[in-house]
Amino acid sequence: MFENPRDIDNLLKKHLSYRESCLNLIASENYASEFVRGHQTSDLSNRYGCYETGNPQNREYTGNRYIHEFEMQTQALVCDIFHAKYADLRPISGHLAGMAVALALLEVDDLVIEVSLADWGHGMVGPMCDISQLGKTIRIDYMPFDKNGGVDFDGLVAQVRELKPKLVIFGGSGTLFAEPVKAFRPVADELNILVGYDAAHVTGLIAGGAMPNPLDEGADVMFGSTHKSFPGPQGGFVVSNRADLMDKIGKTISPSLVTSHHIHRLPALAAAILEMKAFGADYAAQIVKNTKALSKALDAHGFKIRGKERGYSDTHIILLETDGGGQSVAKRLEMADILLSDDFSGSSSDVRLGTQEATRRGMKEKEMEEIALLIKRVMLDGESPEAVRGDVGELSRRFNGLEYCF
Ligand SMILES: *Cc1c(COP(=O)(O)O)cnc(C)c1O
């Protein structure tokens, strides 16, 4: 139990110095710039900004004159980068954004198709159905994938023709290749299916133009997180070009799921979007180059990489196959201060690496080769993780600045 205020600071300092010496390859994290961090703590951390859906100028609390302006200007920026007519920034996380979309668009007994945990789905509607009331009212099935880690489009079309889902949600936590949203749109029109896109992981790649924008390709609604490949504050969002859907989703978000929507995120999110408008294209393009370089180097050392026949991956994510021990691989690399993730649920034996934070730290293709060698030394050469840790720290400290930011 903390007693002295200094103890809190000391623990934070320890955390910072530990994470500075680690090489972070966790695909769902990122490093926000000082510019973004500096806009995250303000008076807004202690204010309420609740508003009635469809009527944001009608703020429930008094004292919202400038808070309203922050919300509207930030919404406009989000609409601008995602080519959307409408944005809702009230979900305080990507998961909550997805829950709101599913709960708003589904009626009793409707079927949803999403990515399964075994194919690195996030587990959005599946875990919701573990809540017994929802399990009785929502039906769920899973999207088929091919051996390269891409969506099996023909399989999906056959599946929806047979099962007639109300909602199909593309996107997961292990996306290697852009999903066939555009090709699916005519099928969705024919069968009256709503198309959702969970962009939690790839938001930064979409904003930077390294991946097609699902809304441009015909998705009805897109939601996600603002802190994975997109280097903003932690938070969620929903965007769409359909007023009818956004009205339903907005009313589900508030007042049903969220009341205080943590408005201190708004200035930081606005700052991150301005940064992405200035540097996002270069950042996203370098992420993809680094992913390919790291995949190739790991492959050359003898690691098995998913998607090899399709050029490994077109995102920040690399899925490295293990012989069943994803968690033990992650733990062993952690002892060398190399951070990455297994799939947590034990549904996949892959471990997942992400290049987005290393890219922001300024690493390029050459450093990807260094990283592959460090991983090889721990995993294949039988060197003790402690023996490799010093070299990991040396690389991390050489790249402790930040690029693609103001
Ligand atoms: C991380 C993730 C989420 C959840 O986002 P949070 O911001 O962590 O709540 C949702 N969907 C996918 C595909 C994810 O990877």
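Conventions we followed
Numbers given to residues run from 1 along each chain, matching the order in which its sequence is written. Residues qualify for local features only when their pLDDT is at least 70, as the model is predicted, and side-chain atom pairs are given and counted only at 80 or more; totals for whole chains, interfaces and linings, by contrast, use all residues. As a rule here, side-chain values come from all non-hydrogen atoms in the structure, and water together with hydrogens is ignored. Strands are treated as partners if at least two bridges between them are detected by DSSP. Where helices and strands are cited, they refer to DSSP runs of H or I of at least four residues and of E of at least two residues respectively, numbered from the N terminus. Residues are treated as being in contact if the distance between any of their heavy atoms lies within 4.5 Å. Each axis is a line fitted through C-alpha atoms, and for a helix only the stretch in contact is used; angles between axes span 0 to 180 degrees, taken between their N-to-C directions. Nearness here has a simple test: a residue counts as near a molecule or strand if at least one of its heavy atoms is within 4 Å of that partner. Distance and chemistry together define a polar contact, namely a pair of N or O atoms within 3.5 Å, with one atom able to donate a hydrogen and the other to accept it when in protein, and with adjacent residues in sequence counting only for side-chain atoms on both sides. The Shrake-Rupley method, run with a 1.4 Å probe sphere, supplies the accessible areas, and residue values consider only the shown protein chains as cover. For this classification, Asp, Glu, Lys and Arg are treated as charged, while Ala, Val, Leu, Ile, Met, Phe, Trp, Tyr, Cys and Pro are nonpolar and the rest, including Gly, are polar. Exposed residues in this analysis have more than 50% of their type's maximum accessible area, buried residues have under 20%, and partly exposed residues fall in between, with area computed by a 1.4 Å probe over protein chains only. Salt bridge criterion: a side-chain nitrogen from Lys or Arg within 4 Å of a carboxyl oxygen from Asp or Glu. Residues forming no salt bridge and having over 30% relative accessible area are the ones grouped into patches, like charges within 9 Å of each other and nonpolar side chains (Val, Leu, Ile, Met, Phe, Trp, Tyr) within 5 Å. What the arc measures is the spread of directions leading from the helix axis to the C-beta atoms. Side-chain rings of Phe, Tyr and Trp, where Trp is taken by its six-membered ring, are said to pair if the distance between their centres is within 6.5 Å; with planes under 30 degrees apart they count as stacked, over 60 as edge-to-face, and otherwise as tilted. Lysine and arginine charges are scored as sitting over a ring when NZ or CZ, respectively, is within 6 Å of the ring centre and within 35 degrees of the ring normal. Think of a nonpolar core as a cluster: buried Ala, Val, Leu, Ile, Met, Phe, Trp, Tyr and Cys residues, connected wherever their side-chain atoms sit within 4.5 Å.

**Regarding the sheet that holds strand 12 (residues 317–321)**
- Overall, antiparallel pairing links the 3 strands, which are arranged 11-12-14 in an open sheet. Whereas interior strands pair on both sides, the edge strands pair on one side only; in this sheet they are strand 11 (304–305) and strand 14 (351–354).
- In the sheet, strand 11 pairs with strand 12 via 2 bridges, with the strands oriented antiparallel. Residue pairing in the sheet places K304 in a bridge with E321 of strand 12.
- Docked against the sheet, helix 11 (residues 265–300) engages strand 11, strand 12 and strand 14, running at close to 15 degrees with respect to strand 12.

**A closer look at the site of the ligand**
- Not every one of the 13 residues close to the ligand is listed here, only the nearest: G94, H95, S173, D198 and K228.
- Note that an oxygen atom of the ligand is positioned 2.7 Å from one of the side-chain N or O atoms of S173.
- The protein chains hide 86% of the 380 Å² of surface that the ligand would expose on its own.
- Here the residues of the shell around the ligand sort into 2 nonpolar, 9 polar and 2 charged.

**As for the pairing of strand 5 (residues 111–114)**
- Here strand 5 shows no split at all, with L111 and I113 on one side and V112 and E114 on the other all buried.
- One ladder, built from 2 bridges, connects strand 5 with strand 7 (residues 167–170); its direction is parallel. Across the sheet, the residue bridging to V112 is L167, located in strand 7.

**Some details on the pattern of salt bridges**
- All chains considered together, the criterion is met by 25 salt bridges.
- The partner of K251 in a salt bridge is D247, with the nearest N and O atoms 3.0 Å apart. Residue K251 and its partner D247 are both found in helix 10 (residues 243–257); the two are separated by 4 residues, about one turn of the helix.
- A relative accessible area of 30% places D247 in the partly exposed class.
- Its salt-bridge partner being R306, residue E321 comes within 3.6 Å of it at the nearest N-O pair. In this pair, E321 is assigned in strand 12 and R306 in the loop between strand 11 and strand 12, connecting sequence segments 15 residues apart.
- Judged by its relative accessible area of 27%, E321 is partly exposed.
- Judged by relative accessible area, R306 falls into the partly exposed class, the value being 25%.
- Here the salt bridges share partners, and the residues they tie into one network are R185, D189, D220, R242 and D244.

**Here we look at a nonpolar patch on the surface**
- Together, F2, I8 and L11 line one region of the surface with nonpolar side chains, adding up to about 290 Å² of accessible area.
- With respect to the helices, strands and loops of the structure, I8 is situated in helix 1 (residues 5–21).
- Given the relative accessible area of 41%, I8 is considered partly exposed.

**Digging into helix 12 (residues 326–335)**
- For helix 12, the set of buried residues is G326, V329, A330 and L333. The buried side chains of helix 12 occupy one side of the element, clustering within an arc of 100 degrees when seen end-on.
- Buried residues in helix 12 make contact with strand 13 (338–339), strand 14 and helix 14 (365–379).

**Points about the packing of aromatic side chains**
- For the structure on display, the rule yields 6 aromatic pairs.
- Summarising the aromatic geometry, the rings of F35 and F406 are spaced 5.0 Å apart at their centres and angled 90 degrees between planes, so their arrangement reads as edge-to-face. Here F35 is found in helix 2 (residues 34–38), whereas its partner F406 is found in the segment after helix 15 (385–398), with 371 residues between them in sequence.
- Overall, F35 belongs to the partly exposed group, its relative accessible area being 29%.
- Classification of F406 by relative accessible area gives exposed; the value is 51%.
- Look at F82 and F237: their rings are 5.2 Å apart centre to centre, the planes differ by 10 degrees, and that puts the pair in the stacked class. Residue F82 is found in helix 3 (residues 65–82), and its partner F237 is found in strand 10 (residues 236–240); the two are separated by 155 residues along the sequence. Across the pair, exposure class does not vary: F82 and F237 are buried alike.
- Each member of the aromatic cluster is reached from another via a ring pair, and the members are F35, F279 and F406.
- Across the ring face of Y283, the terminal group of R360 is positioned such that the distance to the ring centre comes to 5.7 Å.

**Some remarks on the side chain of S254**
- Looking at where S254 falls in the secondary structure, it is placed in helix 10.
- For S254, a relative accessible area of 10% puts it in the buried group.
- If sequence neighbours within four positions are ignored, S254 has contacts with Y51, T53 and R90.

**What about the nonpolar core?**
- V160, F170, F184, Y197, M222 and V239 are the most contacted members of the largest nonpolar core, which has 54 residues in total.
- For this core, the elements supplying multiple residues, two or more each, are helix 3, helix 7 (153–163), strand 7, helix 8 (181–191), strand 8 (194–198), helix 9 (203–207), strand 10 and helix 11.
- When residues in this core are grouped by element, the largest group, 12 residues, is from helix 11.
- Among residues more than four places away in sequence, those in contact with Y197 are F170, G171, E179, V181, V202, I206, M211, P214, A219, V221, M222 and F223.
- Ranked by size, the runner-up nonpolar core spans 31 residues in total, among them Y312, A330, V351 and L353.

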